[in-house]
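Coordinate analysis (summary)
The primary structure of each chain is shown beneath.
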Amino acid sequence: MKNRMRTIFGLAVIAVCFSVSALPAMAWDDVGHKITAYVAWQRMTPQARDAVIDILRQAPEDSDIATYYLTNGSAPLDVRRQEYFELIATWADIVRDYGFEPPYKKIFEARQRKYHKANWHYSDTFWKQIDGRVELLPPPDEGGRAVERLIAFDKLTRDAASTPQEKAVAIAWMMHLTGDLHQPLHTSARVTDLEPKGDQGGNLFQLTPKGTPRADQVNLHWYWDSIVGRNVQPKKDMSDGQYIKWLGDAMMKRYPYARAQGQIELGDYESWKKESFALATSEVFRSDLIRFEMPSMKYRKNAYRVAERQLALAGYRLGETMNAIFGTAAAVPAARPAS
């Protein structure tokens, strides 16, 4: 009976994976997160890959993390492992979007309460523009816990006393939060007269005209989240895995590891945040960005360039982090405490 129930939950959870992409995104969308994981996988040593997959498959049953692994299938084992790794990068958004009718509604709501942590996805710096200058402001609240959680999970995964179950959830979060921290609007809360408590990472900055029905509104955060899929569509008959590989390979070619190697800064999550925030103030809120107007083609092209570089860099950093913790790479310092 237990195996039958596990199968039922597995089918239900897999159904979620194919449905959440149509829901409003709150971070890089699933394409962005999968690209980061794909790039990371290319950097990971065989030892790191084996260790991470083994740990993820030991995740707590109610997290559903292990459910996504396909033990059978027509694809080769190495492809299934890679695509499983890519999917887990989206797990933190999947649990956020759980929504089921009876008889499973209460079960999945309980899992959502346990694993969905809304304020872990961002780490905001509050600021305002004065005569074109950036002025930092005291945060009115915690401003999100992405950096704090990355530091904690980094420490947990290195701790020999941590269980595989604890490490599996930590890895899934590290994969996702590394991507989130490289989306500039996940580090920014811009204060204006219209948004005196901050713009919630651009969610309150509308790009569609005043009076646009809510269902048709486009905000700045969504614009950046979905920038890859809106700029580069999959070729005819491309599978999801082929699409991610095509995009990831192109980004690694344009922004090779050799060029990014000096910027990896393993464990320095606070520096990653500051770097991303600098892009928010310089590349997101440019002078040609106008409220209630869709950005120009010039803005769009620059935004896509920034997004490509950030996704590649996030992947390199994630891959080298996994190597440092689980692979055979030279030892590196653990995460640095936030300043």
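Here, every reference points to the structure presented above.
First things first, this report covers the structure right here in the doc. (Residues numbered from 1 in each chain as written. Predicted model: local features only at pLDDT ≥ 70, side-chain atom pairs only at ≥ 80, totals over all residues. Heavy atoms only, no water.)

1. Concerning the packing of aromatic side chains
For the coordinates displayed, the defined rule picks out 17 aromatic pairs. Judged by centre distance (6.4 Å) and plane angle (40°), the rings of Tyr-243 and Trp-246 are tilted. In this pair, Tyr-243 and Trp-246 are both assigned in helix α11 (residues 240–254), three residues apart and thus about one turn of the helix distant. Looking at Tyr-243, the relative accessible area reads 6%, which means it is buried. (Phe/Tyr/Trp six-rings, centres within 6.5 Å; stacked < 30°, edge-to-face > 60°. Helix = DSSP H or I, 4+ residues; strand = E, 2+ residues; numbered from the N terminus. Buried < 20%, exposed > 50% of the residue type's maximum accessible area, 1.4 Å probe, protein only.)

2. Structural notes on the sheet that holds strand β1 (residues 125–130)
Strands sit in the order β2-β1-β3 across an open sheet of three strands; the sheet is mixed. Only two strands of the sheet have a single partner each, and these edge strands are β2 (133–136) and β3 (188–190). If you compare each strand with its neighbour and ignore which way they point, the axes differ by 40° on average. In this sheet, β3 lies alongside β1 in parallel orientation, the contact comprising three bridges. Bridge pairing in β3 links Trp-127 to Arg-190. In the packing of helix α13 (residues 269–284) onto the sheet, contacts are made with β1, β2 and β3, and the angle to β1 comes to roughly 30°. (Pairing = 2+ DSSP bridges. Axes fitted to C-alpha atoms, helices over the stretch in contact; angles between N-to-C directions. Contact = heavy atoms within 4.5 Å.)

3. Digging into α11
Between its first and last C-alpha, α11 extends 21 Å over 15 residues, near the 21 Å set by a 1.5 Å rise per residue. Among all positions of α11, only Gly-241, Tyr-243, Ile-244, Leu-247, Gly-248, Met-251 and Met-252 are buried. Seen along its axis, α11 keeps its buried residues to an arc of 160°; they face one direction. In this fold, the buried residues of α11 make contact with α2 (30–43), α4 (77–88), α10 (227–231) and α14 (297–326). (Expected span 1.5 Å × (residues − 1). Arc of directions from axis to C-beta.)

4. Here we look at unusual backbone geometry
Cis peptide bonds are those with omega within 30 degrees of zero, and the linkage from Pro-102 to Pro-103 qualifies with 10°. As for its placement among the helices and strands, Pro-103 is situated in the loop between α5 (91–96) and α6 (105–115). A positive phi angle, close to 55°, is found at Gln-200, a residue other than glycine. Here Gln-200 is to be found in the loop between β3 and α9 (220–225). Assessed through its relative accessible area of 51%, Gln-200 is described here as exposed. The backbone of Asp-237 sits at a positive phi, close to 70°, despite the residue not being glycine. Counting through the fold element by element, Asp-237 comes out in the loop between α10 and α11. Accessibility expressed as a relative area gives 70% for Asp-237, which makes it exposed.

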